Amino acid sequence: MVGGEFSRHFASGDGSDPLRDAFARRSAVMPFRGRRRLPPGEFQATWQQILSVPSPPRKRLAYIHVPFCANHCLFCGFYRNAYVPDAGADYAGLVVEEIRREAASPAIRNSPVHAVYLGGGTPTALSATELSRIIATVRAELPLAADCEITVEGRIIHFDPEKIDACLEAGANRFSIGVQSFDTAVRRRQGRRASREEAIRFLEDLRDRDRAALVIDLIYGLPGQTPEVWRQDLETAAALAPDGIDLYGLNLIPGTPLSTAIAAGKFPAAPGLAELGGFYDAGAKFLRRRNWRQISNNHWGRTTRERNLYNLLIKEGADCIAFGSGAGGSIGEISYALASDLVQYRQDLTAGCKPLGMITTSDALQPLRNFVTASFEVGRLDIVGLAALAGDEVAASFAPLLSQWQETGLLSFAGDTVELTVAGRFWYANLIAAFHDILEHRLQSAIDAA
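Residues numbered from 1 in each chain as written. Predicted model: local features only at pLDDT ≥ 70, side-chain atom pairs only at ≥ 80, totals over all residues. Heavy atoms only, no water.

This next bit is on the sheet that holds strand 16 (residues 380-382). Strands sit in the order 16-18-17 across an open sheet of three strands; the sheet is antiparallel. The sheet terminates laterally at strand 16 and strand 17 (411-414), the two strands that pair on one side only. In this sheet, neighbouring strand axes are inclined to one another by 20° on average, regardless of whether the strands run parallel or antiparallel. Bridge count for strand 16 against strand 18 (residues 417-420) is three bridges, and the pairing is antiparallel. Of the residues in strand 18, the one forming a bridge with Arg380 is Glu419. Against the sheet, helix 15 (residues 366-377) makes contact with strand 16 and strand 18, and its axis sits at roughly 140° relative to strand 16, the strand it touches most. (Pairing = 2+ DSSP bridges. Helix = DSSP H or I, 4+ residues; strand = E, 2+ residues; numbered from the N terminus. Axes fitted to C-alpha atoms, helices over the stretch in contact; angles between N-to-C directions. Contact = heavy atoms within 4.5 Å.)

Set out below in structure tokens:
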């Protein structure tokens, strides 16, 4: 059993650095894993049924998607639409209508929303009036918890003082700013127009308002971003004294402009997978020496203002009500995605329909998947908690895999708790994927034996 079921998930055991080569590639945690798609003909009736059923009280999230950007950053695989004023004003009106139409439904009105996230795309591509209108509608219509975290994701370009103040006045209390790198050459190679000095001035102005949590997002592994450039990025970000810093490894997505440019020899090659672990290790050590608390694998907080609530709760499987073209959400066992095509999104809303592009139902393993994902996300797995959900026999059966990961430097044991090392945190998605694979194999075996 160990050889067939676990061995393909074993880390490299040749005594080398686990940060460099524990695995041959980094896995992704797939949000729609183990879900069954409903046929399009059932979408609207299913949605109306969902809205009509009161939800049991539990923590809930809201996500609003803004599918516009000022320009296409070369590393990004999610670019959809360039922002133009007429399209932005029309879109904001549609999102407001979508929220108002559903806010009073039994499925939504009874459970408090603990975190709201405006993502994209680039929400700050919208005008000050459009941003204010959407945020104000969220606050007026949705049942927000008293301490609800309201995040606006943004970029430096076009995020002027008028827009910042509009967001604050409407009720935003957290800004997540995608800086990626402070190095001017690295930034401009990715399509980021602001220089290092302009980025610093913008962040200082936003910080000095002192009216919302400020989080700086950095990416490691960009072309031209040497270890020295990365060290300077970390020092610059920390010197700005934001409330939080997020560190993400570059995901070089095939077909993106960056991937194409590197393949054509127009850009220097990005650091390989074997080098990325070193960047992560340097970042984790840098922040630990400065007593920043690690909230999750990629998120650190300097002050208590930074809670990273949306990202933590979404990993736990909290319900997420979604609005806007391209948004994804879930209520109970149902997950859904809204139409990513703006024309289709508008046509459906105008016709009085939810602009659904996909609905799926989860299988019996979803609570276990959520538990494993949320646990590894924060670097700890409670074996007792796993046994409570999966049963003692299933929980105990993971012992050979966990022992092998311990031997190869990915984790340690503290009683009944597994604690990830820095290398384990870097490879956390691989560990999650391995658990998911094994749990699904066991579920299928049980079904076949029944």
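With that settled, consider the packing of helix 4 (residues 85-102) against helix 6 (residues 128-141). Relative to each other, helix 4 and helix 6 sit at 5°, their axes nearing to 9 Å. Classified by the angle between their axes, helix 4 and helix 6 sit roughly parallel to one another. On the side of helix 4, the interface is formed by Pro85, Gly88, Ala89, Ala92, Gly93, Val95, Val96, Ile99 and Arg100, while helix 6 contributes Glu130, Arg133, Ile134, Thr137, Val138 and Glu141. Residue classes in the contact of helix 4 with helix 6 are distributed as eight nonpolar, three polar and four charged. (Parallel < 35°, antiparallel > 145°, perpendicular 65-115°, else oblique. Nonpolar A, V, L, I, M, F, W, Y, C, P; charged D, E, K, R; others polar.)

Quick look at the nonpolar core now. If you look at the biggest cluster of nonpolar residues, it comprises 121 residues, and the most contacted ones within it are Ile177, Phe182, Leu218, Trp405 and Phe435. If you tally residues by element for this core, the top one is helix 20 (residues 428-449), at seven residues. Excluding residues that lie within four positions of it along the chain, Phe435 makes contacts with Val372, Phe376, Leu381, Leu386, Phe398, Leu401, Leu402 and Trp405. Membership of the second largest hydrophobic core comes to nine residues, among which are Val186, Ile219, Leu222 and Ala261. (Core = buried A, V, L, I, M, F, W, Y, C linked by side-chain atoms within 4.5 Å. Buried < 20%, exposed > 50% of the residue type's maximum accessible area, 1.4 Å probe, protein only.)

For the rest of this paragraph, the subject is the side chain of Ser111. In this fold, Ser111 is placed in the loop between helix 5 (106-109) and strand 5 (113-120). Within the local environment of Ser111, its side chain forms a polar contact with the backbone oxygen of Pro56, the two atoms lying 3.2 Å apart. Excluding anything up to four places from it in sequence, Ser111 contacts Ser55, Pro56, Pro57, Arg58, Arg60 and Pro143. (Polar contact = N/O pair within 3.5 Å; in protein donor to acceptor, adjacent residues only side chain to side chain.)

This paragraph deals with the packing of helix 15 against helix 16 (residues 383-390). Put simply, helix 15 and helix 16 touch, their axes get as near as 10 Å, and they point 170° apart. One element, helix 15, and the other, helix 16, form an angle in the roughly antiparallel class. Contact residues: Pro367, Leu368, Phe371 and Val372 in helix 15; Gly385, Leu386, Leu389 and Ala390 in helix 16. In terms of residue class, the contact of helix 15 with helix 16 is built from seven nonpolar, one polar and no charged.

Bringing the pattern of salt bridges into the picture now. Within this structure, the stated rule accounts for 21 salt bridges. When the shortest N-O distance is used, the salt bridge between Arg209 and Asp205 registers 2.5 Å. Of the two residues, Arg209 and Asp205 both sit in helix 9 (residues 196-209), four residues apart, roughly one turn of that helix. Classification of Asp205 by relative accessible area gives partly exposed; the value is 35%. Its salt-bridge partner being Arg207, residue Asp208 comes within 2.9 Å of it at the nearest N-O pair. (Salt bridge = Lys/Arg side-chain N within 4 Å of Asp/Glu carboxyl O.)

A few words now on the environment of Pro271. If you trace the backbone, Pro271 turns up in the loop between helix 11 (257-263) and helix 12 (273-289). On the basis of relative accessible area, Pro271 is assigned to the partly exposed category, the value being 23%. Sequence separation between Pro271 and Tyr220 is 51 residues, and the spatial gap between their C-alpha atoms is 8.9 Å. If near-sequence neighbours (up to four positions away) are discounted, Pro271 is found in contact with Gly221, Leu222, Gln225, Leu276 and Phe279.

Another aspect to go through is the side chain of Thr373. Positionally, Thr373 belongs in helix 15. In terms of polar contacts, Thr373 uses its side chain to reach the side chain of His436, at 3.3 Å. Sequence-distant contacts of Thr373, defined by excluding residues within four places in its chain, comprise Val29, Lys315, Ile432 and His436.

Worth remembering: the numbers are spatial, not functional.
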